[in-house]
Amino acid sequence: MTTVLKLGGSVVTDKSEPETVDREALDDAAAAIAAADTTGGSDAVGTADSDGLVVVHGGGSFGHHHAAAHGVTDTEGTHDVEGVLAIHDAMRELNDAVVGALQDRDVPALPVHPLSTAHRDSAGETTLPSEQVETMLAEEFVPVLHGDVIAQSNEGATVLSGDEIVTLLARQLAADRVGLCSTVPGVLDADEVIDRIERFEAVADALGASDATDVTGGMAAKVRELLDLDTPASIFGPADLAAFLAGEQPGTLVQRRR
Ligand code: IP8
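Calculation criteria
- Residues numbered from 1 in each chain as written.
- Predicted model: local features only at pLDDT ≥ 70, side-chain atom pairs only at ≥ 80, totals over all residues.
- Heavy atoms only, no water.
- UniProt positions renumbered as here; feature names shortened; annotations may be inferred.
- 1 Å grid on protein atoms, 1.4 Å probe; cavity = no way out; pocket = protein on both sides within 12 Å on 5 of 7 lines; lining within 4 Å.
- Helix = DSSP H or I, 4+ residues; strand = E, 2+ residues; numbered from the N terminus.
- Contact = heavy atoms within 4.5 Å.
- Pairing = 2+ DSSP bridges.
- Axes fitted to C-alpha atoms, helices over the stretch in contact; angles between N-to-C directions.
- Parallel < 35°, antiparallel > 145°, perpendicular 65-115°, else oblique.
- Nonpolar A, V, L, I, M, F, W, Y, C, P; charged D, E, K, R; others polar.
- Core = buried A, V, L, I, M, F, W, Y, C linked by side-chain atoms within 4.5 Å.
- Buried < 20%, exposed > 50% of the residue type's maximum accessible area, 1.4 Å probe, protein only.
- Salt bridge = Lys/Arg side-chain N within 4 Å of Asp/Glu carboxyl O.
- Points joined across faces, edges and corners; volume = space filled by probe spheres on them.

Chemist: Which parts of the structure should I look at to understand the UniProt feature "binding site: ATP" (unreviewed entry) in the protein chain?
Modeler: UniProt tags Lys6, Leu7, Gly8, Gly9, Ser10, Gly60, Gly218 and Lys222 as "binding site: ATP" (unreviewed entry). Considering only the annotated residues already named, the ones lining the largest cavity are Lys222. With respect to the helices and strands, the residue Leu7 is situated in strand 1 (residues 2-7). When neighbours within four sequence positions are excluded, Leu7 is seen to be in contact with Val12, Ala29, Ile33, Val55, Val56, His57, Gly58, Cys181 and Leu241. Topologically, Lys222 is positioned in helix 7 (residues 218-227). Apart from the residues within four sequence positions on either side, Lys222 is in contact with Lys6, Asp163 and Leu180.

Set out below in structure tokens:
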């Protein structure tokens, strides 16, 4: 069983204070991961080589304000090397905290920094080689990736979000499960968690998105990308992380009807 889990930046950081880890929330997440079988378990499915858990985390109060300060987005790049390093260093610091919290709970976590492995072409197509992650999984480590800046042809460097990493890895690893742990308990329709999403059009109104193009980003963009995956994806809050890792489907299940 291969699982790709994203810990949202807002879950593990205090977004009201620049570069502040939410230690309690991070430790709770690390404890839930430590209690789960991260090596795939005896009922593992899929190829033995890729069994296990991959963790990806977002930027929260670390990457985003540096990216904004340097005018860098996922499409607008910079050639200012100090700016690129400021964003990357902030994300590396948060990654150190996440890896450290997992190691403190005896989870065999190892950092993977996308700046050193990924790139984009001038059309915005991202390449994130997964062999390193697959080898770590085969050796029973838990790779921990993060949203980052990466080199992009003709743009200098642009932002690679944790969400894009999740969808790229889910495809490349042929993951069995995807989980997005966010600050909300699922995709909400007037404060009610939607159990299951099979078509974007069915929830476009609730997400405040247009049927045609998604210009709102946020939850609407997440749902669209997850619907394009073959892998079932759950969106849930921190209180449901242990249940997700135990194999349940808390929050909202996003899976296109095929
Ligand atoms: O929070 C963004 O990752 P996200 C990372 O998953 C940076 O969108 C560098 C701002």
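Chemist: Would you explain the sheet that holds strand 5 (residues 126-127) in this entry?
Modeler: Either a parallel or an antiparallel arrangement is found when strands of a sheet pair, and the pairing is made through backbone hydrogen bonds. Within the open sheet, the 4 strands sit side by side as 5-4-7-8. Their pairing is mixed. Sheet topology places strand 5 and strand 8 (156-160) at the edges, where each strand pairs with a single neighbour. Relative to strand 5, strand 4 (residues 119-120) runs antiparallel, the two sharing 2 bridges. Pairing of His119 across the sheet is with Thr127, part of strand 5.

Chemist: Would you mind showing me how to read the packing of helix 3 (residues 60-69) against helix 4 (residues 81-104) here?
Modeler: Taken N-terminus to C-terminus, the directions of helix 3 and helix 4 make an angle of 175 degrees; their axes are 8 Å apart at the nearest point. In terms of their interaxial angle, helix 3 and helix 4 are classed as roughly antiparallel. Of the residues in helix 4, those touching helix 3 at Phe62, Gly63, His66 and Ala67 are Ala86, Ile87, Ala90, Met91, Glu93 and Leu94. A per-class count over the contact of helix 3 with helix 4 returns 7 nonpolar, 2 polar and 1 charged.

Chemist: For this particular structure, what's the right way to read the nonpolar core?
Modeler: For soluble globular proteins, nonpolar side chains are generally found buried alongside one another. By size, the foremost hydrophobic cluster in this structure holds 36 residues, and its most contacted members are Val4, Val54, Leu145, Val178, Val223 and Leu226. Put simply, the parts of the chain that give this core at least two residues each are strand 2 (52-57), helix 5 (131-138), helix 6 (162-172), strand 9 (177-181), helix 7 and strand 13 (233-236). Residues contacting Val178, with those up to four places away along its chain left out, are Val4, Val166, Ala170, Leu226, Leu229, Thr231, Pro232, Ala233, Ser234 and Phe244. Listed in part, the 31 residues of the second largest apolar core include Leu26, Ala97, Ala101 and Leu245.

Chemist: For this particular structure, what's the right way to read the pattern of salt bridges?
Modeler: Proximity of charged atoms lets side chains of opposite charge pair with each other. Following the criterion strictly, the structure yields 8 salt bridges and no others. One salt bridge in this structure joins Glu164 and Arg120, with 2.8 Å as the shortest N-O distance. Highlighted residues: Glu164 in helix 6 and Arg120 in strand 4, separated in sequence by 44 residues. With relative accessibility at 3%, the residue Arg120 sits in the buried group. One salt bridge in this structure joins Glu198 and Arg257, with 3.0 Å as the shortest N-O distance. Here Glu198 is found in the loop between strand 12 (196-197) and helix 7, whereas its partner Arg257 is found in the segment after strand 14 (252-254), with 59 residues between them in sequence. Salt bridges sharing partners connect three or more residues here, namely Lys6, Asp163 and Lys222.

Chemist: Would you mind going over the layout of surface pockets with me for this structure?
Modeler: Approximately 990 Å³ is the volume attributed to the largest pocket. Along the wall of the largest pocket there are 41 residues; nearest its centre are His64, Asp74, Ser161, Gly162 and Asp163. The set of elements that each furnish at least two residues to the lining of the largest pocket consists of helix 1 (9-12), helix 3, helix 4, strand 7 (148-152), strand 8, helix 6, strand 9 and helix 7. The residue inventory of the lining of the largest pocket, partitioned by class, reads 11 nonpolar, 21 polar and 9 charged.

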